[in-house]
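Reading the structure
Listed below are the residues making up each chain.
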Amino acid sequence: AIYGRPSSAATVAAAAGKARKRRSVAAAAAVAEALAGGPTDHKSLALFDEDGDDDDDVGGEEGGAEGSASRGRDDAGLLGNLGDIDGLDTARMPVLPGSDRLWDAERKEALKSRKFVTGGWSSAEEDEDGEPKPKVAADGAEGVEGAKGGTEGGEGQVGGQGGGSSSSKSKAKSVPLDPDEIFSDSMPIATFVRVRLEDVPAACVAELRRERLLVLGGLLPGEAQMGLVQVRIKRHRWHPKLLKSNDALLLSVGWRRYQSVPTFSLEDRGEKRMRFLKYSLEHAHCTMTMFGPMVPPNAGVVAFRSWKKVDHFRIAATGGVLESAPNFNIVKKLKLVGEPYKIFKNTAFIKNMFNSDLEVSKYAHTKIQTVSGIRGEIKKAEGTKGSFRATFEDRILMSDLVLCKCWVKVPPKEFYHPVVDVAQWRPARLIGELRATNGMAVPNKTDSQYGKKLVRAERKFNPLKVPKALEASLPFKSKPKNESKKKKNKLGKKAAVVSSDHERAMNSLISRLYTVRKEKHRIRQDTKTKKKAIKEKREQFIVDKREVVSKEIRKKRYIKQGNEEVQKRKKMRLD
């Protein structure tokens, strides 16, 4: 009937708007009565918007009331508890509608036609029922008369085809809706709901206030488990201090706020291992491993050292979650140092590296190396005090130090302290705060110092002496080529120079004259240095005075140039 008479469509829309307005007023009154403390009938509150049934409410207020009551009865099973105030309100059902029926071919086809596009949705080709749209008759008067008859009688046709739509509407009224169609496992937007929270601490309940808003959020089933979370983090550029491993941090991750003890690490080249870091990097990203609830990847993380009012920027670091797992392998470098106490050609006996033969057996066939670069291997334990036998690629010296480079695992600390918005909640303090409170000094470990290392004195080896008999038998390329200094011959050693008295007097006079000349040269150099210093001082005084005057001259010149530029812009009307 809508195609034949446009005015009837406007009438239907106006009636539907009035009915919707009446229902919204009734729902608002019911909500106001509930807030005022009066009795509340849960079935009288409209939980869904019945825009789809606006055409059915044209008949009047009584028909709309009956329709809403019938819908309340039909939806009572779908929305869970609607009448018992003390019961548990829930929108979820233990058994979903339609789950008891088998998925036969007819039901699958109905679902396919209801939920998926199977063609024929073009408005130019077909209408909602899958049939071609009725054509409007050429004669406008006949179409209007047919439309009137269809509207009044309920069975009339428009252009011979209007009765199909009316019959389908009456058929839709009589046939009950499929529970699969009207079921919705959620609440619509802008709906009043009652939420019941279980196992809430009494301290939180005591701090609840009507003027303080609460943000409700959901968690996935996997997010309730505890484990290690790996975060790619970077120190904030406005935070003045680096972050330290095993120092408590306040973290905001997803819906949760808690305190944990992080462990910083950095991935080696080639993704070989995660190396432990004592401090976070200054201007680059690093990996932070902490203990807490599992978090999905790409969740944002904000870290604070303290929530107290401080002079500097409080946000210590920001980052994102990489992954969550029960365990992560973090290692740090360890150098074991030993000393040789017995040497046989390429075999040596090392002490002070291990404490027992059990440790030696654990490190059997491990590569070792001396400070001078001679490589070796641990063979077998000697005794029960940690000494062992080792072989090297060359003979080592008693003064050499033997090193064993290895990696030791660093387990992250499992500490989780959730933040509660109550005044009595106490956060874990930082290591520096605990030391300052208890008056403890910072432990000084020589192995952990990053400063200047003690340099071993360079050793001086004795020169190589080759016996003459061996040197004579060596080929020319292997003979030593170092030319020795020319020595005096034997005759020169035996011949002694005997000076006369006159020669001795002349040598003494020449020596004294040379001493006087050297002293005069020293005095002349000192005088020249003093004159040069005085001259530089005078020149610097003159330069400073000249710089002050030139600065004033430049300032006046710049002012003059600025004024001229302003005048030019005014003349050109640029400003």
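Keep in mind that this is a model prediction, so the values were computed, not measured.

Before going further, it helps to examine the overall build of the protein. The helix and strand inventory of the protein stands at 12 helices and 15 strands. Looking at the protein as a whole, 20% of its 575 residues qualify as buried. In the protein, 67% of the contacts between residues at least 6 apart in sequence involve partners at least 24 apart. Summed over its atoms, the accessible surface of the protein is roughly 44,600 Å², and 55% of this surface lies on carbon and sulfur atoms.

Take the nonpolar core next. In a soluble, globular protein the nonpolar side chains are often hidden away together inside. Grouped together as the largest cluster of nonpolar side chains are 20 residues, with contacts concentrated most on Val 231, Ile 233, Leu 251, Val 253, Met 288, Met 290 and Val 321. Not counting residues up to four positions away in its chain, the partners in contact with Leu 251 are Arg 256, Arg 257, Tyr 258, Ser 260, Met 288, Met 290, Val 301, Val 302 and Ala 303. Core analysis: the next-biggest nonpolar cluster, separate from the first, contains 17 residues, Leu 336, Ala 348, Ile 350 and Phe 388 among them.

Once that is clear, we can look at the pattern of salt bridges. Per the counting criterion, the structure on display carries 8 salt bridges. Salt-bridge contacts for Arg 273 lead to Asp 268; the nearest nitrogen and oxygen are separated by 3.0 Å. Across the pair Arg 522 and Asp 526 runs a salt bridge whose closest N-O atoms are separated by 3.2 Å. Separated by 4 residues within a single helix, Arg 522 and Asp 526 lie in helix 12 (residues 501-571), roughly one turn from each other. Taking relative accessible area as the criterion, Arg 522 reaches 43% and is therefore assigned partly exposed.

Per the counting criterion, the structure on display carries 7 aromatic pairs. Between Phe 304 and Trp 307 the ring centres are 6.1 Å apart and the planes differ by 70°, which places this aromatic pair in the edge-to-face class. The class of Phe 304 is buried, set by a relative accessible area of 16%. Relative to Phe 349, the ring of Phe 344 has its centre 6.1 Å away and its plane inclined at 90°; by these criteria the two rings are edge-to-face. A relative accessible area of 48% places Phe 344 in the partly exposed class. Taken together, the ring pairs connect Tyr 341, Phe 344 and Phe 349 into an aromatic cluster.

Let's shift gears to the confidence of the model for the protein. With 67% of its residues at a pLDDT of 70 or more, the protein has an overall mean of 76. Ranking the helices and strands of the protein by mean pLDDT puts strand 13 (residues 387-392) first, with 95, and helix 4 (residues 140-153) last, with 40. Across residues 34-82, confidence stays below pLDDT 50; counting only partners more than four residues off in sequence or on other chains, it has 52 contacts.

Covered by surrounding structure in strand 11 (residues 367-370) are Ile 368 and Thr 370 only, the residues Lys 367 and Gln 369 on the alternate face being uncovered. As defined by bridge partners, strand 11 adjoins strand 12 (residues 375-382) across 3 bridges and the pair is classed as antiparallel. Across the sheet, the residue bridging to Gln 369 is Arg 375, located in strand 12. The antiparallel hairpin formed by strand 11 and strand 12 contains 4 residues in its connecting segment, where Gly 373 sits at a positive phi of about 100°. Where strand 11 and strand 14 (residues 402-409) come together, 2 bridges link them in antiparallel fashion.

All right, on to the pairing of strand 10 (residues 347-351) then. Sheet topology note: the strand 9 (residues 330-344)/strand 10 ladder contains 5 bridges and is antiparallel. Across the sheet, the residue bridging to Phe 344 is Thr 347, located in strand 10.

Take the side chain of Asp 247 next. Locating Asp 247 in the fold gives a position in the loop between strand 1 (226-235) and strand 2 (249-253). Despite its burial, Asp 247 pairs with no opposite charge, the nearest such side chain being Arg 305 at 4.4 Å. A distance of 3.2 Å separates a polar atom in the side chain of Asp 247 from the backbone nitrogen of Ile 431. Once residues lying within four places of it in the same chain are set aside, the contact partners of Asp 247 are Ser 260, Val 261, Pro 262, Arg 305, Leu 430 and Ile 431.

Before going further, it helps to examine a nonpolar patch on the surface. Together, Met 187, Val 193, Val 195, Leu 197, Val 200, Val 205, Leu 208, Leu 214 and Leu 216 line one region of the surface with nonpolar side chains, adding up to about 830 Å² of accessible area. Looking at where Val 200 falls in the secondary structure, it is placed in the loop between helix 6 (179-182) and helix 7 (202-206).

Relative to the helices and strands, Ile 368 is located in strand 11. Residue Ile 368 is classed as buried on the basis of its relative accessible area, which comes to 3%. Residues Ile 368 and Ile 378, spaced 10 residues apart in sequence, show a C-alpha to C-alpha distance of 7.1 Å. Look past the residues within four positions of Ile 368 in its chain and what remains in contact with it is Ile 374, Arg 375, Gly 376, Glu 377, Ile 378, Phe 388, Ala 390, Phe 392, Val 402, Leu 403 and Cys 404.

Quick look at helix 12 now. Over its 71 residues, helix 12 runs 103 Å from end to end, which matches the ideal 105 Å to within 8%, given 1.5 Å per residue. At the exit of helix 12 stands Arg 573, carrying a positive phi of roughly 60°.

With respect to the element layout, Gly 217 can be found in the loop between helix 7 and strand 1. For Gly 217, a relative accessible area of 47% translates into the label partly exposed. Measuring from C-alpha to C-alpha, the distance between Gly 217 and Trp 255 comes to 7.1 Å, with 38 residues separating the pair along the chain.

Apart from glycine, the bulk of residues carry a negative phi angle, and the bulk of peptide bonds sit in the trans form. A positive phi angle, near 60°, is found at Ala 190, a position not held by glycine. For Ala 190, the location among the structural elements is in the loop between helix 6 and helix 7. Since its relative accessible area comes to 78%, Ala 190 is described here as exposed.

Calculation rules
Residues numbered from 1 in each chain as written. Predicted model: local features only at pLDDT ≥ 70, side-chain atom pairs only at ≥ 80, totals over all residues. Heavy atoms only, no water. Helix = DSSP H or I, 4+ residues; strand = E, 2+ residues; numbered from the N terminus. Buried < 20%, exposed > 50% of the residue type's maximum accessible area, 1.4 Å probe, protein only. Contact = heavy atoms within 4.5 Å. Areas by Shrake-Rupley, 256 points an atom, 1.4 Å probe, with all protein chains shown as cover. Core = buried A, V, L, I, M, F, W, Y, C linked by side-chain atoms within 4.5 Å. Salt bridge = Lys/Arg side-chain N within 4 Å of Asp/Glu carboxyl O. Phe/Tyr/Trp six-rings, centres within 6.5 Å; stacked < 30°, edge-to-face > 60°. pLDDT = per-residue confidence, 0-100. Pairing = 2+ DSSP bridges. Lys, Arg positive; Asp, Glu negative; His and termini not counted. Polar contact = N/O pair within 3.5 Å; in protein donor to acceptor, adjacent residues only side chain to side chain. Patch = residues over 30% accessible without salt bridge, like charges linked within 9 Å, V, L, I, M, F, W, Y side chains within 5 Å. Expected span 1.5 Å × (residues − 1).

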